[in-house]
Amino acid sequence: MNEAYRSLRTRQELRRAAAEILKPLVSCMTPGKARIYVSQGSAHYAEDVAGMECWSRALWALVPMLAGKCPEAEELWPLWLEGMIHGTDPDHEEYWGEIRPFDQRMVEMAVIGCGLCFAPEHFWNPLNEEQRKHLYDWLNQINLHDMPKNNWRFFRILVNIGFRKNGLPVDEVRMQEDMDLMESHYTADGWYFDYPTKRDYYTLWGFHFYSLLYAAVMDREDPERCARIRERAALIAPRFACWFDREGRGLPYGRSLTYRFCQSSFWAAMAFTGVECGELSAGQMKHLLLNNLRFWLSRPIFDRGGALTVGYGYPNLCAAEGYNAQGSPYWALKTFWVLALPEEHPFWQAAEEEYLPPERFLDPQVRLLLTRDPENRQVVAYTAGNHAWEHMHEDEKYEKFAYSTQFAFSVAKEESALNRGAYDSMLAVRAEGRDLWHVRSGCEQYRLEEDRISFTWSPMNGVMIDTVIAPAGQWHVRKHVIRTETALEAAEGAFSVPRDWAGARPCDRISTAAEADEGRATAAGERGTSAIYALEGYTGGEVIQTEPNTNLMEPRCVLPTLHSRMEPGEHRLVCAVFADAGNNLPDRIPEEVRKLAGSL
């Protein structure tokens, strides 16, 4: 991104930033403009579907820009209009094809439904009779097939309200069933779960985002439901604000993190639908959105041609999901939905205002205990009971002991070596002399309290562990009671810290000092400090140079780690972990941290 656009304070700057992200896609279009291929790589669906996906996801910026009469979109739209005409024409060589049950193209239909809702003068009015029939017939396939019982149902809802907006036949039964199903996923405190169990960003950029668009269209026809939608969004807003730190970084947690600045799309939908929250002002929501976007556009997330890459803090396929094709990251463009709002709207007129959440907040619905330092430089979330399945690296994405906005987390490349496992914020164990390391993958039981979390888990047959984790400012204490039927080796990691220069720019050059002895392991540098201190049961410390590209935010890291060895029987491990956003390594463990450890 151009440096001039990284301030992103005004609507005009945001318009220009959106256009700068979209323009590189033009040269990647197929001749009929119905598909976009930005690079090589595959997902579980076919390449022609991936090309259609990239074409479609650009509309998450173009639709609100057209609705908001942004001149940059007026220039680009004729290319996408041509692609839509060709993609829905069964006789054209770039036809998007007939879909099947559970088809990825269902996902990509949703934003076209939004175009019919919010910019019909661009999506519907210019089409002749035959083109309108083609568009309707192609989209209506979504009403003819089964789809997952998760956030996907919103894609069919958005298509159907797009039909309704333009006087087209609507499958009313389907729409009612789908909305009822989505509401059945509601738990409490503003939280929805995504089938089967997940509670993560999909609550915000899926359930809330889409339902708020529904409320913007259907307020008159479905007032009671729309009122509930608004109330639930207002309820979760201050809770979700706890996921962001002073730098604008959202908590790296859960799956689909390649969508990056989609983290702040919830705030865009809140502003667009006009939802007010008593605990958050318009200026604070504006700051949360723009600050997150400013952070992301300062990261190396674009390739040399200006296309978004698969990854998180940098291009990286290691942590990608099976549904992440090369154009998938453009779902992040949902955050640009605020461009549908005119310049005079209160969102744009409000002065940015920083929101400072409480230093400690327990959110039982999402099973997180969130903490931050007084300056809000870093958010750390402690987890219990968040087992997930179905996608890649879900133990790492949901079951680390702690997640940090400063350090992100790492994913394992393989489980036979500690450096390749990169077990930050985890206790890894293996049978002595065996090859594979095992970590938490589900809890037998768990408990959430205002000052600690506790859980019982079994990393492997014959091993049962009771764990308690208690935060104390920039520190937290971990205690494990381990009952094992076999001799074990154990390794416990703090947070991963970037270790040296990794990048082409002078500002990327860093240095990290690493030390270890029999009682501790530390790493301190300009990009943060992480340390782990043995209090009971460990045999020594080590600073491991983890395999490159395992950490989501930094490609080359070191990981302070403690080791232990246990014979069959019952054992206790107790350690204190320190994490700081700066280069501030403590010279000792504070007395209150020692007392906390003794009380667990």
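Keep in mind it's a predicted model, so treat the numbers as computed, not measured.

## Describing the overall build of the protein chain
- Looking only at helices and strands, the protein chain has 17 helices and 19 strands in total.
- Against the globule reference of 25 Å for 600 residues, the protein chain gives a C-alpha radius of gyration of 25 Å, in line with a compact fold.
- A principal-axis box enclosing the C-alpha atoms of the protein chain has dimensions of 75 × 45 × 45 Å.
- Taking all 600 residues of the protein chain together, 64% fall into the buried category.
- Counting only contacts in the protein chain whose residues sit at least 6 apart along the sequence, the fraction spanning at least 24 positions is 68%.
- Surface accessibility of the protein chain: about 21500 Å² in total, with carbon and sulfur atoms responsible for 47%.
- Within the protein chain, the 85 negative side-chain charges are centred at a point lying 2 Å from the centre of the 64 positive side-chain charges.

## Quick notes on the packing of aromatic side chains
- For the structure on display, the rule yields 46 aromatic pairs.
- Ring centres of Trp 152 and Phe 155 lie 6.2 Å apart, and the angle between their planes is 55°; on these two criteria the pair is classed as tilted.
- When its relative accessible area of 15% is taken as the criterion, Trp 152 is described as buried.
- Between Phe 154 and Tyr 210, the aromatic rings sit 5.7 Å apart at their centres with planes inclined by 40°, giving tilted as the arrangement. Highlighted residues: Phe 154 in helix α8 (residues 153–165) and Tyr 210 in helix α10 (residues 201–218), separated in sequence by 56 residues.
- Residue classification places Phe 154 among the buried positions, given a relative accessible area of 2%.
- With relative accessibility at 0%, the residue Tyr 210 sits in the buried group.
- The residue whose ring lies beneath Arg 255 is Tyr 202, and the NZ or CZ to ring-centre distance is 4.0 Å.

## Some thoughts on the nonpolar core
- Counting residues in hydrophobic clusters, the biggest one holds 152 residues, and the most contacted among them are Trp 60, Trp 80, Ile 112, Trp 243, Phe 261 and Trp 267.
- The element contributing the most residues to this core is α10, with 13 residues.
- The next biggest cluster of nonpolar side chains, apart from the first, holds 36 residues, and it includes Tyr 382, Ala 494, Phe 495 and Leu 573.

## As for the sheet that holds strand β5 (residues 379–383)
- Read from one edge of the open sheet, 4 strands run β3-β4-β5-β6, paired in antiparallel fashion. Where the open sheet ends on each side, the last strands, each with one partner, are β3 (360–363) and β6 (402–404). Across the sheet, the mean angle separating the axes of adjacent strands is 20° when strand polarity is ignored.
- Bridge analysis of β5 against β6 gives 3 bridges, and the strand direction is antiparallel. Residue pairing across strands places Ala 381 opposite Tyr 403, the latter belonging to β6.

## What to know about the sheet that holds strand β9 (residues 453–460)
- Read across the open sheet, the 8 strands follow the order β8-β9-β10-β11-β19-β16-β15-β14; overall the sheet is antiparallel. Of all the strands in the sheet, just β8 (445–448) and β14 (512–517) have a single pairing partner and so form its edges. Between one strand and the next, the sheet's axes are offset by a mean angle of 20°, whatever the strand orientation.

## Comments concerning the packing of helix α9 (residues 172–184) against helix α11 (residues 223–241)
- Orientation of α9 relative to α11, taken along the N-to-C sense of each, is 30°, at an axis distance of 13 Å. The angle between α9 and α11 falls in the class roughly parallel. In this structure, α9 meets α11 at a crossing whose hand is left-handed. Residues Gln 176, Met 179, Asp 180 and Glu 183 of α9 touch α11, and the partners they reach there are Arg 225, Arg 228, Ile 229 and Arg 232.

## So, the pattern of salt bridges
- Counted under the stated rule, the structure contains 41 salt bridges.
- Where Arg 255 meets Asp 200, a salt bridge forms, and the shortest distance between an N and an O atom there is 4.0 Å. Residue Arg 255 is found in the loop between α11 and α12 (265–273), and its partner Asp 200 is found in the loop between β2 (191–192) and α10; the two are separated by 55 residues along the sequence. In this structure, Arg 255 and Asp 200 share a single accessibility class: buried.
- Of the charged contacts, one joins Arg 520 and Glu 515 as a salt bridge, the two residues approaching to 3.0 Å between their closest N and O atoms.
- Taking relative accessible area as the criterion, Glu 515 reaches 43% and is therefore assigned partly exposed.
- Put simply, Asp 180, Glu 183, Asp 222, Arg 225, Arg 228 and Arg 232 are held in one network by salt bridges that share partners.

## Description of the environment of Met 84
- Tracing the backbone through its elements, the reader meets Met 84 in helix α4 (residues 71–87).
- A C-alpha to C-alpha distance of 6.2 Å links Met 84 and Ala 34, two positions 50 residues apart in sequence.
- When near neighbours in sequence (up to four residues on either side) are disregarded, Met 84 contacts Trp 55, Trp 96, Ile 112, Phe 123, Leu 127 and Leu 135.

## As for helix α3 (residues 59–67)
- Most of α3 sits out of view: 8 of its 9 residues are buried.
- If you check which residues of α3 are buried, you get Leu 59, Trp 60, Ala 61, Leu 62, Val 63, Pro 64, Met 65 and Leu 66.
- Against the buried residues of α3 lie α1 (11–26), α2 (47–57), α4, α5 (104–118), α6 (120–123) and α10.
- Directly after α3, the chain includes Lys 69, whose backbone phi takes a positive value near 55°.

## Structural notes on the layout of surface pockets
- The computed volume of the second largest pocket comes to approximately 440 Å³.
- Around the second largest pocket, the lining comprises 22 residues; the ones closest to its centre are Asn 150, Trp 152, Arg 255, Tyr 323 and His 391.
- Of the residues belonging to the lining of the second largest pocket, the class tally is 10 nonpolar, 6 polar and 6 charged.

## Here's the deal with the side chain of Glu 394
- Relative to the elements of secondary structure, Glu 394 occurs in helix α15 (residues 394–398).
- Overall, the relative accessible area of 4% leaves Glu 394 in the buried class.
- Residues in contact with Glu 394, not counting those within four places in the same chain, are Lys 198, Arg 255, Ala 388, Trp 389 and Glu 399.

## Regarding the pairing of β3
- Bridging between β3 and strand β4 (residues 368–372) involves 4 bridges; their strand directions are antiparallel. For Leu 362, the partnering residue across the bridge sits in β4 and is Leu 369.
- The hairpin formed by β3 and β4 contains 4 residues between the paired strands, and Arg 367 there has a positive phi angle of roughly 60°.

## Topic: the pairing of strand β10 (residues 463–472)
- Across the 10 residues of β10, 7 count as buried, placing the element largely inside the fold.
- In this sheet, β10 lies alongside β9 in antiparallel orientation, the contact comprising 6 bridges. The residue bridging Phe 455 from the neighbouring strand is Thr 467, located in β10.
- Where β9 folds back onto β10 in an antiparallel hairpin, the turn is made up of 2 residues, including Gly 462, whose phi is positive at roughly 85°.
- Pairing of β10 with strand β11 (residues 475–484) involves 10 bridges; the strand directions are antiparallel.

About the criteria used
Residues numbered from 1 in each chain as written. Predicted model: local features only at pLDDT ≥ 70, side-chain atom pairs only at ≥ 80, totals over all residues. Heavy atoms only, no water. Helix = DSSP H or I, 4+ residues; strand = E, 2+ residues; numbered from the N terminus. Rg over C-alpha atoms; globule rule 2.2 N^0.38 Å. Buried < 20%, exposed > 50% of the residue type's maximum accessible area, 1.4 Å probe, protein only. Contact = heavy atoms within 4.5 Å. Areas by Shrake-Rupley, 256 points an atom, 1.4 Å probe, with all protein chains shown as cover. Lys, Arg positive; Asp, Glu negative; His and termini not counted. Charge placed at Lys NZ, Arg CZ, Asp CG, Glu CD. Phe/Tyr/Trp six-rings, centres within 6.5 Å; stacked < 30°, edge-to-face > 60°. Lys NZ or Arg CZ within 6 Å of the ring centre and 35° of its normal. Core = buried A, V, L, I, M, F, W, Y, C linked by side-chain atoms within 4.5 Å. Pairing = 2+ DSSP bridges. Axes fitted to C-alpha atoms, helices over the stretch in contact; angles between N-to-C directions. Parallel < 35°, antiparallel > 145°, perpendicular 65-115°, else oblique. Left-handed = near helix turned anticlockwise from the far one by under 90°. Salt bridge = Lys/Arg side-chain N within 4 Å of Asp/Glu carboxyl O. 1 Å grid on protein atoms, 1.4 Å probe; cavity = no way out; pocket = protein on both sides within 12 Å on 5 of 7 lines; lining within 4 Å. Points joined across faces, edges and corners; volume = space filled by probe spheres on them. Nonpolar A, V, L, I, M, F, W, Y, C, P; charged D, E, K, R; others polar.

Just distances and angles here, no functional claims.
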